[in-house]
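Chain by chain, the residues:
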Protein chains: 2
Amino acid sequence: MANTNAIFTPEELLIHWQGHRNLTRKLIELFPEKELFEFSIGGMRTFAQLATEMLSMCGPGLKAIVEESSIAYSEEGIQISTKADLLQKWDEETAVINHYFNLLPVSRFAETFNLFGQYAFPVIQNIFYFIDNEIHHRGQGYVYLRALNINPPFFWER
Amino acid sequence: MANTNAIFTPEELLIHWQGHRNLTRKLIELFPEKELFEFSIGGMRTFAQLATEMLSMCGPGLKAIVEESSIAYSEEGIQISTKADLLQKWDEETAVINHYFNLLPVSRFAETFNLFGQYAFPVIQNIFYFIDNEIHHRGQGYVYLRALNINPPFFWER
C-alpha cells in the first residue's frame, strides 16, 4: 500500500464486490427456471425480483455517483422473464461496474453524494450499501434453495 | 482523512461493523423465545445457532488477530438456552470487539494472519468475513421472521 493509513484500497474493494457478485451469479444458476420467478417464503419477493433490485441499484447507482447524476431509482429498465436473460444482464452489469468503478477518483469515496436523489451519504457508504444489500438478499436466496432441497454454494466461494 | 489514498478508516470500519451487529441484535429481540431456539427452514440451523456462530467467530477471532494467537475455532464457550442470555452475551461481545479493535495497529490490516490456525488472509479480509458472514446469516433470519409472520426491521436500521 502507498501509505500507512489505508486499510482497504479501491482495487481491493472492487475485487471484494465482484467476488460477492460472482457468488450471487452462482445462486441464480442453481435456481430451477420456474422457482427463480415464482418461489418465495412468507410473502417475500422471488429471487428473480431480488436480483432485479440488485441490478437496478448497483450499476445504475455507481454510474450516477461517477456522473454526479440525480437519476431516480427505478427497476423499469430491467424486464427479465428467463434465467438466461437474467444471467446475461448480470454479466453485462459486471462490465458496467468495472467500467464506472475505474472512473471514480479516490478523492470521491469520502465525499457525500445524494444517491438516487434521496440517499445522502459518503460514496464509500453507498457502495457498501450495494454490497451489503446483495449479501443480505442472497442470504435469503440460500434459504429458498434449502427449502427447495437444493444445496447452495459455500459462502466463501467467490 | 489523513491522506488521499484511504477510502475507509479503521474508525469507520468499527462503526460499520457495530451498526450491523446492532441490527442483528434487533432480530434476536424480535424472535419469540421458543422459535429462536427451535424454528428453521430446509434443515438449516436455528437463529440461536447462527447467532452462536457469530459470537464464536467475531470477538474470539478479533482477539486472536490482536494477540497473534493460533487458537482454534470453537462454539463450546457459548452455551445459551434463553433469549436473555443470548442478548447479554451479545452485549458483552460488543465491548470485547470495541476493546480489541482499538488495540489493532493500522499496519496490521494489510498483514496476512492465519486465523483460527486455518484461514490465512490479510486481516482486513478476515474482518470483512466476520461482517459479511453475519449479514448473510441475518438475511436468513429475516426469512425465518417472515415465515413466522413477524415484520423484521428495515435493513438500513443500524
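Each remark here, short or long, concerns the structure printed above.
Rules behind the numbers
Residues numbered from 1 in each chain as written. Chains lettered and ligands numbered in written order. Predicted model: local features only at pLDDT ≥ 70, side-chain atom pairs only at ≥ 80, totals over all residues. Helix = DSSP H or I, 4+ residues; strand = E, 2+ residues; numbered from the N terminus. Rg over C-alpha atoms; globule rule 2.2 N^0.38 Å. Buried ≥ 20, exposed ≤ 12 C-beta atoms within 10 Å, placed from the backbone. Contact = placed C-beta atoms within 7 Å. Least-squares fit on C-alpha atoms with pLDDT ≥ 70 in both. Nonpolar A, V, L, I, M, F, W, Y, C, P; charged D, E, K, R; others polar. Axes fitted to C-alpha atoms, helices over the stretch in contact; angles between N-to-C directions. Parallel < 35°, antiparallel > 145°, perpendicular 65-115°, else oblique. Left-handed = near helix turned anticlockwise from the far one by under 90°.

1. Points about the overall build of chain A
Looking only at helices and strands, one finds five helices and two strands in chain A. Tracing chain A from N to C terminus, the helices and strands come up as α-α-α-α-β-β-α. On C-alpha atoms alone, chain A measures out to a radius of gyration of 16 Å, which is about the 15 Å that the 2.2 N^0.38 rule sets for 158 residues. C-alpha atoms of chain A, sized along the principal axes, occupy 50 × 35 × 25 Å. The proportion of buried residues among the 158 residues of chain A is 32%. Considering only residue pairs separated by 6 or more positions, chain A has 68% of its internal contacts joining residues 24 or more positions apart.

2. A word on the relation of the copies chain B and chain A
Rotating chain B by 180 degrees and translating it 0.0 Å along the rotation axis places it on chain A, where the RMSD comes to 0.0 Å. Taken together, the turn and the small shift mark the pair as related by a two-fold rotation axis. If distances are taken from each C-alpha of chain B to the rotation axis, the shortest is found for Ala6 of chain B, at 2.2 Å.

3. Considering the interface of chain B and chain A
On the side of chain A, 33 residues touch chain B, which itself brings 33 residues to the contact. With 13 residues, the single largest contributor to the side of chain B that touches chain A is helix α5 (residues 123-147) of chain B. Its residues assigned to classes, the side of chain B that touches chain A shows 19 nonpolar, 12 polar and two charged.

4. A look at the packing of helix α3 (residues 47-67) of chain B against helix α4 (residues 83-101) of chain B
Residue and element names in this part refer to chain B. Direction vectors running N to C along α3 and α4 enclose 20 degrees, while the axes themselves pass 9 Å from each other. Taken together, the axes of α3 and α4 lie roughly parallel to each other. Relative to α4, α3 is oriented so that their crossing is left-handed. Every residue of α4 that contacts α3 at Ala48, Ala51, Leu55, Cys58, Gly59, Leu62, Lys63 and Val66 is listed here: Leu86, Lys89, Trp90, Glu93, Val96, Ile97, Tyr100 and Phe101. A class-by-class count of the residues in the contact of α3 with α4 yields 12 nonpolar, one polar and three charged.

5. A look at the environment of Thr24 of chain A
Residue and element names in this part refer to chain A. Along the chain, Thr24 turns up in helix α1 (residues 10-30). According to the C-beta neighbour criterion, Thr24 is partly exposed, with 19 such atoms within 10 Å. Excluding residues within four positions of it along the chain, Thr24 makes contact with Met54, Glu134 and Arg138.

6. Here's the deal with unusual backbone geometry
Residues and elements named next belong to chain B. The phi torsion at Glu68 lies on the positive side, around 50 degrees, for a residue other than glycine. Looking at the element boundaries, Glu68 is found in the loop between α3 and α4. Its identity is not glycine, yet Phe116 carries a phi of approximately 55 degrees, on the positive side. Turning to its location among the elements, Phe116 is positioned in the loop between β1 (112-115) and β2 (119-122).

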